[in-house]
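Listed below are the residues making up each chain.
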Amino acid sequence: GLGMSICGVVSVLITAELFSAVCVGTSLAFGKAYGISVHIQASLVSALILTLILTPTTDPLILLEYAVIAVIAMTSKFVVAPRGQHIFNPVAFGVFVGGLLQLQYASWWIGSPSFIVIVAILTFAILYKTRPLLIGSLFILVSSLLIVGL
């Protein structure tokens, strides 16, 4: 199979929606408080990264912990940023602090071998659209061979 059940897809969608709402909402709140413009796309990228490195779930308690991690991550963009420059990657900071608080830990679930087909297809589509298809295809081939142990 492609590595994910319908239940898994629902978990990914719910987790992604939570991270998107919390990251964008937190950024907008800090932007308003500081009187600065907020880049919604950057908040959505952070939400996507969080979705890919924290195991998707439908468990309300874990989702609450994920929301706290997302708030910490987005808060660091504004609070741990002297003169507007980030000291730490916000997502890495949020996940690190979340781990210290014993909330949840990074898992990089999307990097498992069972997702190689999905990741390869999506990567090919992106490479086709952006044009570095030959080098990207070579990377996919070598990575796939390494994953299966050839």
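Reading the values: the criteria
Residues numbered from 1 in each chain as written. Predicted model: local features only at pLDDT ≥ 70, side-chain atom pairs only at ≥ 80, totals over all residues. Heavy atoms only, no water. 1 Å grid on protein atoms, 1.4 Å probe; cavity = no way out; pocket = protein on both sides within 12 Å on 5 of 7 lines; lining within 4 Å. Points joined across faces, edges and corners; volume = space filled by probe spheres on them. Helix = DSSP H or I, 4+ residues; strand = E, 2+ residues; numbered from the N terminus. Phe/Tyr/Trp six-rings, centres within 6.5 Å; stacked < 30°, edge-to-face > 60°. Buried < 20%, exposed > 50% of the residue type's maximum accessible area, 1.4 Å probe, protein only. Core = buried A, V, L, I, M, F, W, Y, C linked by side-chain atoms within 4.5 Å. Contact = heavy atoms within 4.5 Å. Polar contact = N/O pair within 3.5 Å; in protein donor to acceptor, adjacent residues only side chain to side chain. Patch = residues over 30% accessible without salt bridge, like charges linked within 9 Å, V, L, I, M, F, W, Y side chains within 5 Å. Areas by Shrake-Rupley, 256 points an atom, 1.4 Å probe, with all protein chains shown as cover. Salt bridge = Lys/Arg side-chain N within 4 Å of Asp/Glu carboxyl O. pLDDT = per-residue confidence, 0-100.

Notes on the layout of surface pockets
By volume, the largest pocket is sized at about 380 Å³. Lining of the largest pocket is provided by 16 residues; of these, L48, L52, I110, V119 and L122 occupy positions nearest its centre. Listing elements by their share of the lining of the largest pocket, those giving two or more residues are α1 (6-34), α2 (40-53) and α5 (116-130). Take the lining of the largest pocket: its biggest share by element is five residues, from α5.

Some points on the packing of aromatic side chains
In this structure the tally under the stated criterion is five aromatic pairs. Residues F30 and F78 carry aromatic rings whose centres are separated by 5.3 Å and whose planes lie at 10° to one another, so their mutual orientation is stacked. Of this pair, F30 sits in helix α1 while F78 sits in helix α3 (residues 60-79), and the two are 48 residues apart along the sequence. Taking the relative accessible area as the measure of exposure, F78 reaches 15% and is therefore buried. Where F88 meets F93, the ring centres are 5.5 Å apart and the plane angle is 25°; that geometry is what we call stacked. Judged by relative accessible area, F88 falls into the partly exposed class, the value being 45%. Here the aromatic cluster, defined as three or more aromatic residues joined through ring pairs, consists of F30, Y34 and F78.

Comments concerning unusual backbone geometry
The residue Q102 is not glycine, and still its phi comes out positive at about 60°. For Q102, the location among the structural elements is in the loop between α4 (90-100) and α5. Q102 sits in the exposed class, given a relative accessible area of 61%.

Side note on the nonpolar core
Nonpolar side chains tend toward joint burial in soluble globular proteins. Within the largest apolar cluster, 17 residues are counted, with the highest numbers of intra-cluster contacts made by F19, C23, L50, L54, I69, A70 and V95. At the level of elements, α1, α2, α3 and α4 are the ones that each hand at least two residues to this core. Excluding residues that lie within four positions of it along the chain, L54 makes contacts with F19, Y66, I69, V95, Q104, Y105, A106, S107 and W109.

Looking at α4
Residues of α4 that are buried include every one of P90, V91, G94, V95, V97, G98 and G99, and no others. At its buried positions, α4 is contacted by α2 and α3. Residue N89 occupies the N-cap position of α4, its side-chain oxygen lying 2.9 Å from the main-chain nitrogen of V91. Looking one or two residues past α4, Q102 carries a phi angle of roughly 60°, positive in sign.

Looking at a nonpolar patch on the surface
Together, L138, L141, V142, L145, L146, I147 and V148 make up an exposed nonpolar region whose accessible area comes to about 650 Å². Here I147 is to be found in helix α6 (residues 133-148). A residue is classified by how much of its surface remains accessible, and I147, at 42% relative accessible area, is partly exposed.

Regarding the side chain of S46
One can find S46 in helix α2. Leave out the neighbours within four places in its chain, and S46 touches C23, M74, K77 and V91.

Digging into the confidence of the model for the chain
For the chain, the average pLDDT comes to 86, and 95% of its residues sit at 70 or higher. α3 holds the highest mean pLDDT among the elements of the chain, 96, whereas α5 holds the lowest, 75.

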